[in-house]
Amino acid sequence: MATVTTSSPVTLQPCKHTSRHGVARYCPSPLPWRRRRWSYGRMTTRATASSRGQPSATGGWVEAPAGVAAAAREEGDSIRRLQNGPDVRGVALEGEKGRPVDLTPLAVELIAESFGEWLREELQRPAGEELRVSVGRDPRLSGAWLSAALFAGLARAGCSVFDMGLATTPACFMSTTLPRFNYDASIMMTASHLPYTRNGLKFFTKRGGLTSGDVEEICDRAARKYVAGKMGFGGGGMPPVVMRVDLMSAYAQHLRDIIKQRVAHPAHYDTPLKGFKVVVNAGNGCGGFFTWDVLEKLGADTTGSLHLEPDGTFPNHMPNPEDATAMSLTRDAVLANGADLGVVFDTDVDRSGVVDGTGAAINGDRLIALMSAIVLDEHPGTTVVTDARASDGLTRFIASRGGHHCLYRVGYRNVIDKGVQLNTDGVETHLMMETTGHGALKENYFLDDGAYMVVKIVIEMVRMKLAGLEGGVGSLIMDLEEPAESVLLRMNIVGEPKYAKQRGTMAVEAFKEYIQEDKLSAGWVLDDCGDCSVGEGCLVDTNDHPIDVDAYMYSRAKLYDENKGPVGMVHVRQSVHNPNIALNMQSYVPGGCKYMAMDLHKRFLLASGVNEFVDISEVEKFVK
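Residues numbered from 1 in each chain as written. Predicted model: local features only at pLDDT ≥ 70, side-chain atom pairs only at ≥ 80, totals over all residues. Heavy atoms only, no water.

S.K.: Looking at this model, I keep getting lost on the overall build of the chain. Mind explaining?
M.R.: The secondary structure content of the chain amounts to 15 helices and 24 strands. The burial tally for the chain puts 57% of its 624 residues in the buried class. Once local pairs closer than 6 in sequence are excluded, the contacts in the chain between residues at least 24 apart make up 71%. Summed over its atoms, the accessible surface of the chain is roughly 24,900 Å², and 52% of this surface lies on carbon and sulfur atoms. (Helix = DSSP H or I, 4+ residues; strand = E, 2+ residues; numbered from the N terminus. Buried < 20%, exposed > 50% of the residue type's maximum accessible area, 1.4 Å probe, protein only. Contact = heavy atoms within 4.5 Å. Areas by Shrake-Rupley, 256 points an atom, 1.4 Å probe, with all protein chains shown as cover.)

As C-alpha cells, then:
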C-alpha cells in the first residue's frame, strides 16, 4: 500500500471521506481566483438556461457583444500557443523581458480539465467511473499555486487526484505501471532546463507520453472553454479531493532492484556499488533522490556531490547536462574526490550526462556513443535513432560496432516515436537518443529517463571492474571521431511571440531554397538526413503523416570544398521552447565554422531579407 504523507504544495484539510484505495484524502482550500466558474465543451452561439446571459424579449438568450467575443477568441488563442510540441510550456512568473505571464492558474485549470475529459474519451470510460491521475512537480516557485489549479481542473473532469509532490518526469510515467499505484494517467509540472520563471505540463498514459497532436487537441479544447467562459457560460464545481502518495520511494527501489539483479555481484549482492565513488550534480532540481535513495543504499560513496537540495530559483546553475558550468563543476568534483563517475541531471531527470574518472565530459554525441556501445553489446546489429544534429563521426562509430544509425527529426518525441515505428515495422531498434541528452530504451517502455540511462552506465561500470577491465566507461568511446569545431548560435525572432512560428518557418524555408537554387557559395548541398538519408546509410522514412506539428521546421546542409572534401555541416531549426532560430554548425577542419557562418551571413541572412525579422547579431559577432 502506498505510504501516506502529510505535506502538500497547497493547503490541505482532512476530509470526512475515506478513499477505498486506503490512502488518506485531503481537500485543498478554495482557490483564490475562483470568483466565477468556467464552461465546458465547445462554444456555441447562444447561451443555455444555465448561463449567466440575459433573456431577450423573445424568450431566447442574448449573445455577447462582438467585441467581447473577438477579445475572448484572442485570449483563447493564447492558451493554444502554450502548446510546446508534446508538452505545455509558458511563463509562470514575471521577470522575463518582453514575455508576459501566460501560464496562469486559470489556463492550467482549463488544460487539466480538458486533459481529464480527453482521457475519459480515450479510455472509453463512462461518466461517473473513476479515473485515477497522479501529479508530480519540480521545485519551481510557481509549482505550488499552479498545482492547486491542476488539481481543481482534474477534479472538475471527474478524476481522482494523487499528489506525488516533488517528483521526476520518468517517475510520473512509472506511476502508471508500478505495482501498488497503476494509475490511469499522470501529469508532471515542469519546464525542464528553462529559466525559473517558466513552467509547464507533461502528460502520460500507460502507453507513454502524449503526442503533439494529442496536446494540440487538449489545448484547443481548453481554449474553447476559456472563450465560452468569457461569453457567459458557466457552472459550479466542488473542491478537489487530493490524496498524497509516496511514489518516489517505490521508483527508487525499482531502480535499485534493476542494478542489483543485473550486476549480480558475487560477493555483496545487495551492495553492488561498494567500493565505488559516484558524484551527483542535481543542480537543485529533482535528481537528489538518486544520491541517497539509489547510490548510497547500494553501497556507493557519494562524497562531493553537488546541489542536491531542491531550490526553485536554481541558484548555482541551470540543471542541464548541456550546461558548461554544470559539467565543469561536476568535473572538478570528480577529480577532487577521486570519483569513478560523475552524474549531471536536468531539472526533472528525463535527461542526464556523465563525467568519467579522468574528468572527461560525456554528453551530446559522446553520451549517445557510450549508450550505443553498451546497447550494441547487448543487442548486436540493432538500430540507433538520433536527431539530425548528430555528427558523421557518430554514424561511423555505431557502424564500427555493427549497428545502424537512423538520423531523424529534432525533438525528443520525434526520435522516440521513430524508434517505436521502426520496431513496429520489424526493424529492431533498442536505443533512441537526442543530442540534448534525452534517451529512451525499448527495454524501458520507450521512456526518456535520465536516471535509467545512468543506471545502465553504472551497471556497465561495475561489470567492467568485475571483469578486470581498465579505463572505466570512458574507454568505451575512445575511438569516437569528433568534429574539429562545434558552434551553436541563436537568432531571436523579433516581433510578437504569437507570430514567431510563422516567421521561423519562413526563415528555414528560405535557407532551404537558397541552397536548392545555388545562391550560396559552391559546394553547399541540402542534406535530407533529417528524414533519414539513404546516402548516409540511414533507413528510409516511412512516416507518411508525421504527427509532430513542428516536424518540418528544420533544414540540414553540408559544405564540400573544391575537391569534394567535407568541410562541415549546418543545421537550422526553429526552437520549440523560445522564439528563436538555432544555428548548429560542425566543422571537420579548423576554421570551418567561421567560414560557413561568413557565407551564410553574406549570401543568405542579408541577401534574403531574413535579417528584417530575425536578430542576426550573434552571427555577426561570431564572423568578426
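Don't stop here, the text continues.
S.K.: Would you mind going over the pairing of strand 23 (residues 566–574) with me for this structure?
M.R.: Successive side chains on a regular strand alternate, one facing one side of the sheet and the next facing the other. The buried fraction of strand 23 is high, at 8 of 9 residues. Relative to strand 24 (residues 580–587), strand 23 is paired through 7 bridges, and the arrangement is antiparallel. Counterpart to Met569 in the pairing with strand 24 is Gln586. (Pairing = 2+ DSSP bridges.)

S.K.: I'm lost on the confidence of the model for the chain in this one. Help?
M.R.: Note that predicted coordinates carrying low pLDDT should not be read in detail. Averaged over all residues, the pLDDT of the chain equals 84, while 82% of them reach at least 70. Throughout residues 1–64 the model reports pLDDT below 50, and contacts reaching past four residues in sequence, or to other chains, amount to 150 contacts. Across residues 530–552, confidence stays below pLDDT 50; counting only partners more than four residues off in sequence or on other chains, it has 64 contacts. (pLDDT = per-residue confidence, 0-100.)

S.K.: What is the right way to read the packing of aromatic side chains from this model?
M.R.: Aromatic ring pairs: the centre-centre distance and the angle between the two ring planes describe each pair. Overall, the coordinates contain 11 aromatic pairs when judged by the stated rule. Centre to centre, the rings of Phe115 and Trp118 are 6.0 Å apart; their planes meet at 25 degrees, and the pair counts as stacked. Of this pair, Phe115 and Trp118 both sit in helix 2 (residues 105–123), 3 residues apart, which is roughly one turn of the helix. In terms of burial, Phe115 and Trp118 fall into one category: buried. Ring geometry for Phe173 and Phe204: centres 6.1 Å apart, planes at 55 degrees, overall tilted. Here Phe173, found in helix 4 (residues 169–174), pairs with Phe204, found in strand 8 (residues 198–205); they are 31 residues apart in sequence, far enough to count as distant. Just as Phe173 is buried, Phe204 falls in that class too. Connected via pairs of aromatic rings, a cluster forms that spans Tyr251, Phe289, Phe290 and Phe345. Lying over the aromatic face of Phe276, Lys465 brings its terminal NZ or CZ to 5.0 Å of the ring centre. (Phe/Tyr/Trp six-rings, centres within 6.5 Å; stacked < 30°, edge-to-face > 60°. Lys NZ or Arg CZ within 6 Å of the ring centre and 35° of its normal.)

S.K.: Help me understand the packing of helix 6 (residues 247–263) against helix 12 (residues 450–466), please; the structure alone is not making it clear to me.
M.R.: Each pair of packed helices gets described by two things: the angle between the helix axes and the distance between those axes. Two numbers describe how helix 6 lies on helix 12: the axes approach to 10 Å, and their chain directions differ by 25 degrees. The angle between helix 6 and helix 12 falls in the class roughly parallel. Of the two possible hands of crossing, helix 6 and helix 12 adopt the one that is right-handed. Contact with helix 6, carried on its side by Tyr251, Leu255, Ile258, Ile259, Arg262 and Val263, involves Ala451, Tyr452, Val455, Lys456, Ile459, Val462, Arg463 and Leu466 of helix 12 and no other residues of that element. Among the residues making up the contact of helix 6 with helix 12, the classes are represented as 11 nonpolar, no polar and 3 charged. (Axes fitted to C-alpha atoms, helices over the stretch in contact; angles between N-to-C directions. Parallel < 35°, antiparallel > 145°, perpendicular 65-115°, else oblique. Left-handed = near helix turned anticlockwise from the far one by under 90°. Nonpolar A, V, L, I, M, F, W, Y, C, P; charged D, E, K, R; others polar.)

S.K.: I keep staring at the environment of Met433 and nothing clicks. Help me out?
M.R.: Position of Met433 among the secondary structure elements: in strand 17 (residues 429–433). Once the C-alpha coordinates of Met433 and Ser372 are considered, the two residues, 61 residues apart in sequence, prove to be 9.5 Å apart. Discounting chain neighbours no more than four positions away, the residues touching Met433 are Leu367, Ile368, Met371, Val385, Thr386, Asp387, Val415, His438 and Gly439.

S.K.: Looking at this structure, how should I read the pattern of salt bridges?
M.R.: Pairs can form between side chains of opposite charge whenever their charged atoms are close. Per the stated rule, a full pass over the model turns up 40 salt bridges. Arg207 serves as the salt-bridge partner of Glu122, at 2.9 Å between the closest nitrogen and oxygen. With Glu122 in helix 2 and Arg207 in the loop between strand 8 and strand 9 (208–209), this residue pair connects regions lying 85 residues apart in the sequence. With relative accessibility at 35%, the residue Glu122 sits in the partly exposed group. Judged by its relative accessible area of 63%, Arg207 falls in the exposed class. The salt bridge partner of Glu322 is Arg351, with a shortest N-O separation of 3.5 Å. With Glu322 in the loop between helix 7 (289–295) and helix 8 (324–337) and Arg351 in the loop between strand 12 (341–345) and strand 13 (352–356), the pair connects residues that are 29 residues apart, well separated along the chain. (Salt bridge = Lys/Arg side-chain N within 4 Å of Asp/Glu carboxyl O.)

S.K.: What exactly am I supposed to notice about helix 13 (residues 500–516) here?
M.R.: Since one α-helical turn is 3.6 residues long, residues separated by three or four positions face the same way. Its 17 residues give helix 13 an end-to-end C-alpha distance of 24 Å, which sits within 8% of 24 Å, the value for a rise of 1.5 Å per residue. For helix 13, every residue scored as buried is listed here: Ala500, Gly504, Ala507, Val508, Ala510, Phe511, Tyr514 and Ile515. One face of helix 13 carries all of its buried residues, which in axial projection span an arc of 155 degrees. In helix 13, the exposed positions that point more than 90 degrees away from the buried face belong to Gln502 and Gln516. (Expected span 1.5 Å × (residues − 1). Arc of directions from axis to C-beta.)

S.K.: What should I look at first to understand the nonpolar core in this one?
M.R.: Among soluble globular proteins, nonpolar side chains are generally buried collectively. Core analysis: the largest hydrophobic core is formed by 75 residues, its most contacted members being Tyr251, Leu255, Phe289, Phe290, Leu341 and Ile457. Ranked by the residues each element gives to this core, the list is headed by helix 12, at 11 residues. When neighbours within four sequence positions are excluded, Ile457 is seen to be in contact with Leu341, Val354, Leu367, Leu370, Met371, Ile374 and Val473. Judged by nonpolar contacts, the second largest core, of 38 residues, contains Trp118, Val133, Val161 and Cys219. (Core = buried A, V, L, I, M, F, W, Y, C linked by side-chain atoms within 4.5 Å.)

S.K.: Whenever I open this one, the sheet that holds strand 17 confuses me. Can you help?
M.R.: Hydrogen bonding along the main chain pairs the strands of a sheet, whether they run parallel or antiparallel. Taken together, 5 strands build an open sheet; the order of strands is 16-15-17-18-19 and the sheet is mixed. On the outer flanks of this sheet lie strand 16 (404–408) and strand 19 (447–448), each paired with one strand and no other. In the packing of helix 9 (residues 365–378) onto the sheet, contacts are made with strand 15 (383–387), strand 17 and strand 18 (439–441), and the angle to strand 17 comes to roughly 170 degrees. Sitting on the sheet, helix 12 is in contact with strand 17, strand 18 and strand 19, with an inclination near 70 degrees to strand 18.

S.K.: Help me out: how do you make sense of the pairing of strand 5 (residues 131–137) in this one?
M.R.: With respect to burial, strand 5 is a largely interior element, 7 of its 7 residues being buried. Residues Leu131, Val133, Val135 and Arg137 point to one face of strand 5 and Arg132, Ser134 and Gly136 to the other, with burial holding for every one of them. Looking at chain direction, strand 5 and strand 6 (residues 159–166) are connected through 7 bridges and run parallel. Bridge assignment links Val135 to a residue of strand 6, and that residue is Asp163. In this fold, strand 5 hands off to helix 3 (residues 143–156), which returns the chain to strand 6; that crossover is right-handed. (Right-handed = clockwise from strand over helix to strand, strands pointing away.)

S.K.: In this structure, what is going on with the side chain of Thr169? I would like to understand it.
M.R.: Its place among the elements puts Thr169 in helix 4. Contact partners of Thr169, with chain neighbours within four places excluded, come to Met188, Thr190, Lys202, Phe204, Asp348 and Asp350.

S.K.: Explanation requested: the packing of helix 13 against helix 14 (residues 592–606) in the structure shown.
M.R.: Where helix 13 meets helix 14, the axes come as close as 10 Å, and the angle between the chain directions of the two elements is 105 degrees. Relative to helix 14, the element helix 13 is oriented roughly perpendicular. Side by side, helix 13 and helix 14 meet where Ala507, Ala510, Phe511 and Tyr514 of the first sit next to Leu600, Arg603 and Phe604 of the second. Counted by class, the contact of helix 13 with helix 14 contains 6 nonpolar, no polar and 1 charged residues.

S.K.: Even after reading the chapter, I still don't get the environment of Ile493, so can you show me in this structure?
M.R.: Assignment of secondary structure puts Ile493 in the loop between strand 20 (485–492) and helix 13. Residues Ile493 and Asn611 lie 118 residues apart in sequence; the distance between their C-alpha atoms is 9.3 Å.

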